[in-house]
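If you want the building blocks of each chain, they are given just below.
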Amino acid sequence: MSSTPYLIHFNSIGKSDIGYISIAEKETLPFVPQRIYWTYYTPEDVKRGFHSHYNLEQILVAVAGKIIVTTEMKNGNKQEFILDTPKTGLYVPKMCWRIMQYSHNAVQMCIASDTYTETDYIRDYNEFLK
Ligand code: T46
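The text that follows walks through the structure, step by step, so that each part is easy to find. Here the residue index of a chain counts from 1 through its sequence in written order. The model is predicted, so local features are restricted to residues of pLDDT at least 70 and side-chain atom pairs to those at 80 or more, both for listing and for counting; the totals for chains, interfaces and linings are taken over all residues. Derived side-chain values reflect all non-hydrogen atoms in the structure, with water molecules and hydrogen atoms excluded from consideration.

1. Quick word on the sheet that holds strand S10 (residues 96-102)
Each strand in a sheet pairs with its neighbour through backbone hydrogen bonds, running either in the same direction (parallel) or in the opposite one (antiparallel).
Inference 1: Within the open sheet, the five strands sit side by side as S8-S7-S10-S5-S12. Their pairing is antiparallel. Single-partner strands in this sheet number two, and they are strand S8 (78-83) and strand S12 (121-122).
Inference 2: DSSP calls a pair of strands paired once it identifies at least 2 bridges connecting them. The way it works is that DSSP assigns letters per residue, a run of H or I at least four long becomes a helix, a run of E at least two long becomes a strand, and they are numbered from the N terminus. Strand direction decides the pairing type here: strand S7 (residues 67-73) and S10, joined by seven bridges, are antiparallel. Across the sheet, Thr70 pairs through a bridge with Ile99, a residue of S10.

2. A closer look at the nonpolar core
Inference 1: Among buried residues, the Ala, Val, Leu, Ile, Met, Phe, Trp, Tyr and Cys ones that are joined through side-chain atoms within 4.5 Å form a nonpolar core. Note on classification: 1.4 Å probe, protein chains only; a residue is buried when its accessible area is under 20% of the maximum for its type, exposed when over 50%, partly exposed between these limits. Judged by nonpolar contacts, the single largest core of 14 residues is most densely connected at Leu60, Ile67, Val69, Leu83, Leu90 and Met100.
Inference 2: Elements with a contribution of two residues or more to this core: strand S6 (58-64), S7, S8, strand S9 (88-92) and S10.
Inference 3: Grouped together as the second largest cluster of nonpolar side chains are eight residues, Ile8, Phe31, Tyr91 and Ile111 included.

3. A word on the pattern of salt bridges
Inference 1: Each salt bridge in this description consists of a side-chain nitrogen of Lys or Arg and a carboxyl oxygen of Asp or Glu lying within 4 Å of one another. Across all of its chains, the model carries three salt bridges by this definition.
Inference 2: Here Arg123 makes a salt bridge to Glu118, at a shortest N to O gap of 2.9 Å.
Inference 3: The exposure class assigned to Glu118 is partly exposed, which follows from its relative accessible area of 38%.
Inference 4: Across the pair Glu127 and Lys130 runs a salt bridge, and its minimum N-O distance is 3.4 Å.
Inference 5: Residue classification places Lys130 among the exposed residues on the basis of a relative accessible area of 69%.

Written out as structure tokens, the structure reads:
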């Protein structure tokens, strides 16, 4: 478990004439996944996210297209990550404010450390900063 976001580089098996496979084994991840969901067809002028989680940790992967992810920690540390390859994931720790913007063809897979609970969300930025 890290307290800052970082990129995870998955291995990629294959070659250009037959295609590739990337594998996320639980032993190589920072947490044991409990849920996987994906978002897609987000219009390019829409930004999603605008929340943090009290406890949830996640890995975001652009399995198609491009995602610009802005992260902000409570100490003010802001970073921008470009996800544009299915070989790379972004680890998002708990208590991390995030905003995502997508190319229209983007499919964002989210590997999550826990089941869905609305009470784990902080959707108010001022509440997040407290
Ligand atoms: C996150 C980013 C990366 C459910 O009912 N179950 C679920 O497991 C999820 C993830 C969402 N929902 C419902 C809750 C909302 O009514 O789906 C709707 C959209 O969720 P949200 O507004 O949180 O969507 P995003 O794209 O802003 O955020 C999602 C994840 O919810 C969030 O955990 O970090 O992707």
